[in-house]
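# Residue-level structure breakdown
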Amino acid sequence: CVDAKTIAVARNCHLSVWHAIELLDLLPVSIIPNFKQGVDFAGSITPDAVEAVLEANPSVKTVVLTSPTYEGVVSDVAGICKIAHNHNALVILDESHGAHLGLSDAFPKCSEADIVIKGAHKTLACPTQTSIMLIYGKGVDCALLEHYIDIFETSSPSYVLMSGLSKCLDSLQ
């Protein structure tokens, strides 16, 4: 029996992730990021750490992590996705601080987790509170995702914000 309520989540995820876990009454299993002595913030999430959590918790079918972090730490998302998919788990990536990734060879490539959320307002010329959700995974239940978006998102979007996001995206082409 699969417990769809158990979720693997990186301990350094944004507070909004933890609020969503609480609102949806999910059971979080923590993935601990690397720590380096003398560094005052968390390091990357490793594929090995994800694999250990998934091996110990076979009911986990969703992994949530942040890369890059606020401090710019980038995890091996491709390696994490490979491991998660081997365990029949989807990966949701908070890439809010990485909306600029892939725009230049000077930056790491964009990650293609199953669901990627980019906070365009954090690293691009967009109004605050504008973000983009990209779906790459074939296993994503888009109808269920739309249902929850309808629950948590406003039915009165800001046309000022949407216009600002559109102008930003146009400027990137």
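Residues numbered from 1 in each chain as written. Predicted model: local features only at pLDDT ≥ 70, side-chain atom pairs only at ≥ 80, totals over all residues. Heavy atoms only, no water.

### Focus on the overall build of the chain
Looking only at helices and strands, one finds 6 helices and 6 strands in the chain. Reading the chain from its N end, one meets helices and strands in the order β-α-β-α-β-α-β-β-α-β-α-α. Its C-alpha atoms give the chain a radius of gyration of 16 Å, near enough to 16 Å, the size a compact globule of 173 residues would have. Expressed as lengths along the three principal axes of its C-alpha atoms, the size of the chain is roughly 45 × 40 × 30 Å. A burial count over the chain gives 38% of its 173 residues as buried. When the accessible surface of the chain is summed, it comes to about 10,400 Å², and 55% of that surface belongs to carbon and sulfur atoms. In the chain, 10 side chains carry a positive charge and 19 a negative one; their mean positions are 4 Å apart. (Helix = DSSP H or I, 4+ residues; strand = E, 2+ residues; numbered from the N terminus. Rg over C-alpha atoms; globule rule 2.2 N^0.38 Å. Buried < 20%, exposed > 50% of the residue type's maximum accessible area, 1.4 Å probe, protein only. Areas by Shrake-Rupley, 256 points an atom, 1.4 Å probe, with all protein chains shown as cover. Lys, Arg positive; Asp, Glu negative; His and termini not counted. Charge placed at Lys NZ, Arg CZ, Asp CG, Glu CD.)

Treat this as a map of the structure, not an account of what it does.
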